[in-house]
Every structure is written in structure tokens, then in C-alpha cells.
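Working through the structure, step by step
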Amino acid sequence: MNQANLRSNVGIPLHWTRRRRLAARLSIAVLLVLGLAFGWYRTSAGPEWPESSVDWTQHANLVQAGKRIAWRPDSRTLATTSATFWREAVILWDAETGAALRTLPEHSGPVILAWSPDGASLAAASRDGSAVLWDADVPRTRVVFSAGSEILASAWSPDGQCFATGSGDGSAAVWDVATGERLARLTGHSGRVVTLAWSPDSSKLATGSEDATVRVWRKSNWDLWADLRGHEREVYGLAWSPDGMTLATSGLDGRVLFWPSDRGMPRPKLTRHRSPVVQLAWSPRGDILASSSTDPSGFWRGFVPDFLLGPRAEAILWGRNAVPRAILAGHPHSINCVAWSPDGSTLATASYPGLIILWNALDGVPLGSLRGPREVVEALAWSPDGRMLAASYFHAGVTIWKHAEG
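Everything in this summary refers to the structure shown in the same document.

What counts as what
Residues numbered from 1 in each chain as written. Predicted model: local features only at pLDDT ≥ 70, side-chain atom pairs only at ≥ 80, totals over all residues. Heavy atoms only, no water. Helix = DSSP H or I, 4+ residues; strand = E, 2+ residues; numbered from the N terminus. Buried < 20%, exposed > 50% of the residue type's maximum accessible area, 1.4 Å probe, protein only. Contact = heavy atoms within 4.5 Å. Areas by Shrake-Rupley, 256 points an atom, 1.4 Å probe, with all protein chains shown as cover. Core = buried A, V, L, I, M, F, W, Y, C linked by side-chain atoms within 4.5 Å. Phe/Tyr/Trp six-rings, centres within 6.5 Å; stacked < 30°, edge-to-face > 60°. Salt bridge = Lys/Arg side-chain N within 4 Å of Asp/Glu carboxyl O. Pairing = 2+ DSSP bridges. Axes fitted to C-alpha atoms, helices over the stretch in contact; angles between N-to-C directions. 1 Å grid on protein atoms, 1.4 Å probe; cavity = no way out; pocket = protein on both sides within 12 Å on 5 of 7 lines; lining within 4 Å. Points joined across faces, edges and corners; volume = space filled by probe spheres on them. Nonpolar A, V, L, I, M, F, W, Y, C, P; charged D, E, K, R; others polar. Polar contact = N/O pair within 3.5 Å; in protein donor to acceptor, adjacent residues only side chain to side chain.

1. Some thoughts on the overall build of the chain
For the chain, the helix and strand inventory stands at 1 helix and 31 strands. Evaluated residue by residue, the chain yields a buried proportion of 53% over its 406 residues. In the chain, the share of contacts with a sequence separation of at least 24, taken over all contacts with a separation of at least 6, comes to 43%. Roughly 18,800 Å² of accessible area belongs to the chain as shown, and the carbon and sulfur atoms make up 53% of that amount.

Laid out in C-alpha cells, this is it:
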């Protein structure tokens, strides 16, 4: 039989099929080469990051510290988790010398840290379902709470009388810190409770869930005060304005919603972010809300041209009128952390590769950058006196940055 007359099962000559396969392979190869070339060009040029700030220096490197950090209100002590796998202890550090003061017993799961408003107690809540309140100066255990399910979020009430936990079974619990008694078990979410926020006057507690809803509970009798439904995906960000008049929420749907303190529909849906938003923070003055987004395509940046990828990560400064005041662009990957300086003049944002950018809060102009280990920045926290900034890294411990005037 003549080779030219051979046909495939669908009636196409086999040599045509071979040519098409070869053309497809060549096209893929060309696209890969062009993508690598464009990526190399963009990476070689580098993102336009602000110059390193000469006003800040690395004050201490806590190599044994883990991902979670929390400043004591007196700014002299920094609490961190330990850099161990699965089982995490809590380490207290002298912020001035970088020396470890003491280590508290281990938990059998990842730990969330939070100091009481008066700085007398440190709460360590764990995915093992327990939360321990420590008298940090002795140290000794004051109270142990058992939530019955993994604890994914925790928060002290601003008046220091209550401690709230959010769990993987879709419930939240409120505890009396003096007696250890559980005051309320708050149910109704159909997904895990992953974020909590108290109103500034401690009269309300907001719970955010992976079921895309936010529920607000009233402390007077722990009844449901509001059921807020405006997100289409998981809610990971909650933040009350300092005056308690507005609750801001954000989620994986990229929306930032402003809810007035009275019940009802939210203010205009702010959909400027084009990727998931998991970080929210009001300025101490209460006039600006900072939100930051992730970059789902971050792994491929540098290898594939940007026009083939999704939107870049960015932070946005919103005014109280729900209108963007400034868009902060410049991070090469997801912005994992946002933190306001205590005086509200500076916003710090952080992303891989160990990049922290400091921004002027008034106009969104970058003031400088701090460059640590080439790692993902897991947490960022200003000391209450504003002299130091602590950053934890995925595999490289914690670095304490100190201002030249500090």
C-alpha cells in the first residue's frame, strides 16, 4: 500500500497528523522560550522597590523563634513561638538585648499568641484545642480553656475581662479570664471560624467564617445582633474602626465591605482588589483602612510574562468614605502582612522575598524598605512605643528592626 494513502482513524492523512503534532510541539517550545526570556528580562531589571531605609537597622536576630509574634504593651518583651515542627513552645525575649528570657511549655499544635491589654497575661491558643493564660512574670498558668476543637482564632476583649476563641467546628467561645468559666458558646456558622474581632468598647464580638458570612454577637446576653452576608467566598479579614462605628470585612472573593454599626445592607461593595484579600487594618486615628491582596501567580513571576498571569498583589488605603486614597504597588509577591505604626503615620507591608516597605500614610509615598532573609514574611508587628518593628520569616526566625532615633 502506498504510504501517502495511509490515513488516521478520522480520515486525515498520517503525514498531516505528524506535521500538526510537530507544529504544536514547536509552538509550545517557542512559547516557553519567549516566556523565560520575558521573565528573565523582567527579573533582571527587577521590581522598582524603594531604596533601603537608612533610618532603620537590624537590632536583633532571634534564630530560634517561630512564625507567631506578639509585643508586650511595655515594648520591652517580645513573645514568639518556637521554630519547631508541629509542637510549638512559647519563648519570651528581651527586645533590647535579643536574649531569651524563658520558654513556656509546648503545645501539640500551632500556637496563636496575644497579650492581655494590661500586659499581665499572655494567651497561647493552639490547634490542639486548648488555650492557656500565663502569668508572664512568674511564669505560671493562670487559666486553661478547653475549646473541644482546634482553635484557629483568638482575641482579648479591649477591657481585658473576656477571651474569645474561634474553632474548626464552626463555633466560637467566650471565656471569663478571672474564673476560667465559659460565658457563651456561639454557633450558627456552617464553616470554620477563622477570624474574630471585638468592638472597641467590648460590647460586640464579630466572627468570620469560611462559610462566607460574618456574625456579630452582643455581649449583654450573647444573642445574635447581626448576620452579615455580602461575601461570596471565605471571610478572613475583620477590623472594627477605632470609634466602633464601622466594621470592615474582606475575603477570598477580593471584596472589602464597610458595614455601618447599625444593622442593614453594607455600604458600596469595594471590588477594586482583583485577588483574595486577607489582611485588614485600621489606622490608630481611624481615618484610613489598609487592605492587602495575595498574588495567586506569584510562583510563576520571573518565568512567565506578566500579561499571561493574573493581577499583582497590592495594598490599598481607603478613606472613611469608602473611596481609595492611594494604591500601594511594588511588592513582587503576595502581601502577607500590613501593620500601622502606633502614631498612624507609617504603614508597613511585607512579602516574599523578605521585603518590607514603609509607606507614608498621608499620600501613600514609599519611605524606604527593609530587606531581611529571602523568605516569606509570616508576621509583622510594631512595638507599642513605635521604636521597633518585628518580622518573622518562614524558615529564618525573627528579626527586630530598630529606628535610628529609638
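Having put the structure on the table, let's press on.
2. Here's the deal with the nonpolar core
Soluble globular proteins tend to pack their nonpolar side chains together in the buried interior. Ranked by size, the top nonpolar core spans 16 residues in total, and within it Leu317, Leu328, Trp340 and Leu347 carry the most contacts. For this core, the secondary-structure elements that each account for two or more residues are β22 (288-293), β23 (315-319), β24 (324-328), β25 (335-340) and β27 (355-360). Excluding its chain neighbours within four sequence positions, the residues that come into contact with Trp340 are Ala281, Trp282, Ser283, Pro284, Ile288, Ala290, Leu317, Thr346, Leu347, Ala361 and Trp382. If you look at the next biggest cluster of nonpolar residues, it comprises 15 residues, including Cys337, Ile356, Leu389 and Tyr393.

3. A closer look at the packing of aromatic side chains
The tally for this structure, following the rule as stated, stands at 5 aromatic pairs. Judged by centre distance (5.4 Å) and plane angle (65°), the rings of Trp156 and Phe163 are edge-to-face. Each of the two residues, Trp156 as well as Phe163, counts as buried. Judged by centre distance (6.1 Å) and plane angle (75°), the ring pair of Trp198 and Trp222 falls under edge-to-face. With Trp198 in strand β14 (residues 193-198) and Trp222 in the loop between β16 (213-218) and β17 (223-229), this residue pair connects regions lying 24 residues apart in the sequence.

4. A word on the pattern of salt bridges
This structure, assessed with the given rule, holds 16 salt bridges. Here Arg76 and Asp74 are joined by a salt bridge, their closest N and O atoms 3.9 Å apart. Linking Glu150 and Arg192 is a salt bridge whose minimum nitrogen-to-oxygen distance equals 3.5 Å. Taken together, the residues span a long stretch of sequence, with Glu150 in the loop between β9 (140-146) and β10 (151-156) and Arg192 in the loop between β13 (182-186) and β14 at a distance of 42 residues. On the basis of relative accessibility, which here comes to 25%, the residue Glu150 falls in the partly exposed class. Classification of Arg192 by relative accessible area gives partly exposed; the value is 28%. Via salt bridges that share partners, Glu96, Asp385, Arg387 and Lys402 belong to a single interconnected network.

5. Looking at the sheet that holds β17
With antiparallel pairing, the 4 strands of this open sheet are ordered in space as β14-β15-β16-β17. For this open sheet the edge positions go to β14 and β17, each flanked by a neighbour on one side alone. Recorded for the sheet is a direction-independent mean angle of 20° between the axes of neighbouring strands. Across 5 bridges, the pairing between strand β15 (residues 204-209) and β16 is antiparallel. Bridged to Ala206 within β16 is Val216.

6. What about the pairing of strand β5 (residues 100-107)?
Judged from the 5 bridges that link them, strand β4 (residues 88-94) and β5 form a sheet pairing that is antiparallel. In the sheet register, Trp93 faces β5, and the bridge partner there is Ala100. Here β4 hands over to β5 after 5 residues, with Gly98 in that stretch at a positive phi of 80°.

7. Observations regarding empty space enclosed by the protein
One pass over the structure, following the stated rule, counts 2 cavities of 30 Å³ or more. The calculated volume of the second largest cavity comes to roughly 30 Å³. Lining the second largest cavity are Ala147, Thr165, Ser167, Ser171, Ala172, Ala173, Arg182 and Arg185. Taken together, the residues of the lining of the second largest cavity break down into 3 nonpolar, 3 polar and 2 charged.

8. Focus on unusual backbone geometry
Look at the link from Tyr352 to Pro353: it is a cis peptide, with omega at 0°. On the secondary structure map, Pro353 appears in the loop between β26 (346-351) and β27. Unusually for a residue other than glycine, Ser202 sits at a positive phi of about 65°. On the secondary structure map, Ser202 appears in the loop between β14 and β15.

9. What about the side chain of Ser292?
Its place among the elements puts Ser292 in strand β22. Here the side chain of Ser292 touches Ile335 through a polar contact of 3.3 Å, landing on its backbone oxygen. The residues contacting Ser292, other than those within four sequence positions of it, are His273, Pro276, Val277, Val278, Gln279, Glu314, Ala315, Ile335 and Val338.

Any functional reading would require information beyond the geometric quantities listed.
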